[in-house]
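One letter stands for each residue in the lines below.
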Amino acid sequence: MEINAKSSLLCNMYTPQEEIRIYNQAKQLLADNAGNMNEEITLLRETINYADWKYYVQSNPTLSDAEYDGLFKLLKHLEEQYPELVTADSPTQRIAKGLSERFPTVSHLTPMLSLDNTYNAEDLTDWDRRCKELAKTETITYCVEPKYDGASISVIYDNGALSRGATRGDGVMGEDVTSNIRQIKAIPLSAPLMQYGISQIEIRGEIVIHKNVFEAYNKQRIAEGQSPLANPRNAASGTLRILDPTEVRKRGLNALLYSISDYTLAEGFEMPEQLKTHYDSLQWLYSMGFPSPAKEMKVFTHIDEVIAYCAEFETRRDDLPFEVDGLVIKVNDFALQEQMGMTTHHPRWAVAYKFKARQATSKLRRVEFQVGRVGTITPVAKIDPVHIGGVTVTSVSLFNEDVVREKNVRIGDTVLVERAGDVIPYIVKPLTELRTGEEEEIKFPTHCPACASELEKQQDEAAWRCINITCPVQVVERMIHFASKDAMDIRTMGNSNVQKFYELGVLPDIPGMYHIDWDKLKGQSGFGAKSVTNLQAAIEQSKKQPLYRVIFGLGIRHVGENTSKILASAVSHIRELYDWDIEKLSTLQDVGPKVANSVVDFFAIESNRDAIDKLDAAGVNLINEHKGQQPAAGQLTGKTFLFTGTLSHFKRSDAEAMVEQNGGTMLGGVSSKLNYLVVGEDAGSKLEKAKKLGTVNILTEQEFLKLVADNEG
Ligand code: IVH
């Protein structure tokens, strides 16, 4: 009964009425948790599965993180009380118990072949001709979909339940990574396949990592002194083989399932209609909750249309949240695919169209050692200018000494440089075969290049650090950070002004920002009365910033924007944090021992307390009036919104609540004060006015949801 109710819902995945019902259900469940336990647990599971589907498959979240966590905790709590009601496909059962010892090797039901490649229109025309010869027909329908750049997997569902997930391995045998696959919320633990008589199915796909998730993860690794991961592809395949599933869960993997490689029908069932063409089969998978590229596939009947689409798609490859290294063109009709068959390496009915390489080679001329805000020394390779993916690259970070040693890269080497979309350029490897013997080892400095203090390296850290807090580069970097957009947002201050003011002696440290001797600046080029007034106004304005921005601006090691919000919301004045010890700090959400240690160290330093006193005396806000409340997320804070036109993805009142929950403000009309206009269908004069103003960001409903999701994430 429970399965049936759920299955019928999943099959329609989801009508607008159901979306509203589940959304209301979530609200209700959060508000009160009385009632029939079995029913309540079923509803909770349905709601969480739905939220996962909206978030991971549709990239269109319905619940805030706090709401989601609330429901999840409630379900876990109820299942603990009623263990007899736990089912294998409950979202709580994704969390594996303990570490995997190693991954057993398993056979794929059908071998995982690779694809032949094409690179241009001519290759595609040739391939089309060969297809027609093989298929003995002049008309073939092709399906075109993105070629995701991640790690290949195959998943098997038995009687509608996820039973196995495996890596590609050598194509015949892979590694059984089921426990890790279960951590990927885009992959449903169960699906209504039995309704169609599918007792077993093997589906192929790609595990991918969002570019922004990847960048955030690498940032965190670098901040913690670890080596960053090379690119989203390596990150995805490396993560799949991590032995600790809870670590896998934290990495936020996603998945795209792009082909059905095998299936078995239960007795008495006929092959479903949807299994006649590739296009229909992926739409069908999507309708059952699988993350297939249903929305990103196109069907064409002529190769010239395919070629035009490939060229057009390549221009917007960077707009996708994942890395895509090409497109895959597949013969749509399964019967025809069968007839065309395969070679030992690849199917004859599919081909990859590869985008232009995002890799290039260049010469490494020298290495500069840069000093960061917290004293970290970063080696930066200076290379001959090289054009990669529309950008000229001249500097590439080598991150830390371990990375330099691991890569065995030397000055004078020809290096292979990769740039994946927005992801920062990266040295893949030196081309050692091109070495002449003239190359030189990269020597790490023993003393700070800015202040000559001896560098230190802490245990477990890969980075060398200058620990002199008066080191001039660090002082300037700290002030730049304090004034930056996400901290005190002192517009017009800018990096070069901070540097200049410091050199002129009018800005010695962070509190000095509020005591600049403006007379001394008179006569300096670029400092007319107007720019001084603007800067003074921006500095004055910053005194009213919320406490979390001050905390973030102080640049405490390991304390990012989110942690700053958590710290700020736990106190009513910054000085309360002086008495917090590691134990107390560790009770806060997301605050681990490393962060706690760093916070304690920071507030124990006399000069830091002095700086806070000086900020206080200057009138900077150090108070949080909303102690204990959920911190409002930052990106929308101070931003203004207006909705116009007919909204089809959400109710206007819900959307307005979403803005306010995230710190934004609603406006009544279009004016120069408006930051975002979200437009539904048939938007009229407001849209025209906003376009005319030219200062308003115009968003679709989807873009708005993404903005909110990014903001919450
Ligand atoms: S079809 C027999 N479709 O590209 C059909 N592959 O060499 C084989 N890939 O590592 C694959 N996106 O994992 C197909 N939409 C897509 C794909 C795709 C990425 C990967 C695949 C394999 C490589 C092919």
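Throughout what follows, the structure given in this document is the object of discussion. (Residues numbered from 1 in each chain as written. Predicted model: local features only at pLDDT ≥ 70, side-chain atom pairs only at ≥ 80, totals over all residues. Heavy atoms only, no water.)

1. Section: the nonpolar core
Moving on, step 1. Counting 53 residues, the largest nonpolar core has I490, M493 and Y514 as the members making the most contacts within it.
Moving on, step 2. At the level of elements, α14 (472-483), α15 (494-504), α16 (518-521), α17 (529-542), α18 (547-553), α19 (561-569), α21 (593-604) and α22 (606-617) are the ones that each hand at least two residues to this core.
Moving on, step 3. Of all the elements, α14 adds the most residues to this core, at six residues.
Moving on, step 4. Counting residues in each nonpolar core, the second largest holds 42 residues, with I153, Y157, I187 and I201 among its members. (Core = buried A, V, L, I, M, F, W, Y, C linked by side-chain atoms within 4.5 Å. Buried < 20%, exposed > 50% of the residue type's maximum accessible area, 1.4 Å probe, protein only. Helix = DSSP H or I, 4+ residues; strand = E, 2+ residues; numbered from the N terminus.)

2. Brief notes about the pairing of strand β3 (residues 142-148)
Moving on, step 1. Along β3, seven of the seven residues are buried, which leaves the element largely enclosed by surrounding structure.
Moving on, step 2. One ladder, built from three bridges, connects β3 with strand β9 (residues 298-300); its direction is antiparallel. Bridge pairing in β9 places C143 opposite V299.
Moving on, step 3. When β3 meets strand β10 (residues 324-331), the two strands line up antiparallel, connected through seven bridges. By the bridge assignment for β10, E145 is matched with V328. (Pairing = 2+ DSSP bridges.)

3. Some details on the site of the ligand
Moving on, step 1. Near the ligand lie 14 residues; those nearest to it are E145, P146, S152, E206 and Y258.
Moving on, step 2. One nitrogen or oxygen atom from the side chain of E145 is found 2.8 Å from a nitrogen atom belonging to the ligand.
Moving on, step 3. For the ligand, a nitrogen atom lies 3.0 Å from a polar atom in the side chain of K330.
Moving on, step 4. Bound to the protein, the ligand loses 87% of the 530 Å² it would expose on its own.
Moving on, step 5. Secondary structure elements with two or more residues in the shell around the ligand: β3 and β10.
Moving on, step 6. No other element matches β3, which puts four residues into the shell around the ligand.
Moving on, step 7. Looking at the shell around the ligand residue by residue, the class counts come to eight nonpolar, two polar and four charged. (Near = heavy atom within 4 Å. Polar contact = N/O pair within 3.5 Å; in protein donor to acceptor, adjacent residues only side chain to side chain. Areas by Shrake-Rupley, 256 points an atom, 1.4 Å probe, with all protein chains shown as cover. Nonpolar A, V, L, I, M, F, W, Y, C, P; charged D, E, K, R; others polar.)

4. Let's talk about the state of the cysteines
Moving on, step 1. Per the counting criterion, the structure on display carries zero disulfides.
Moving on, step 2. Unpaired in this structure, C471 has its nearest cysteine sulfur neighbour in C451, at a distance of 3.8 Å.
Moving on, step 3. For C471, a relative accessible area of 0% translates into the label buried. (Disulfide = S-S within 2.5 Å.)

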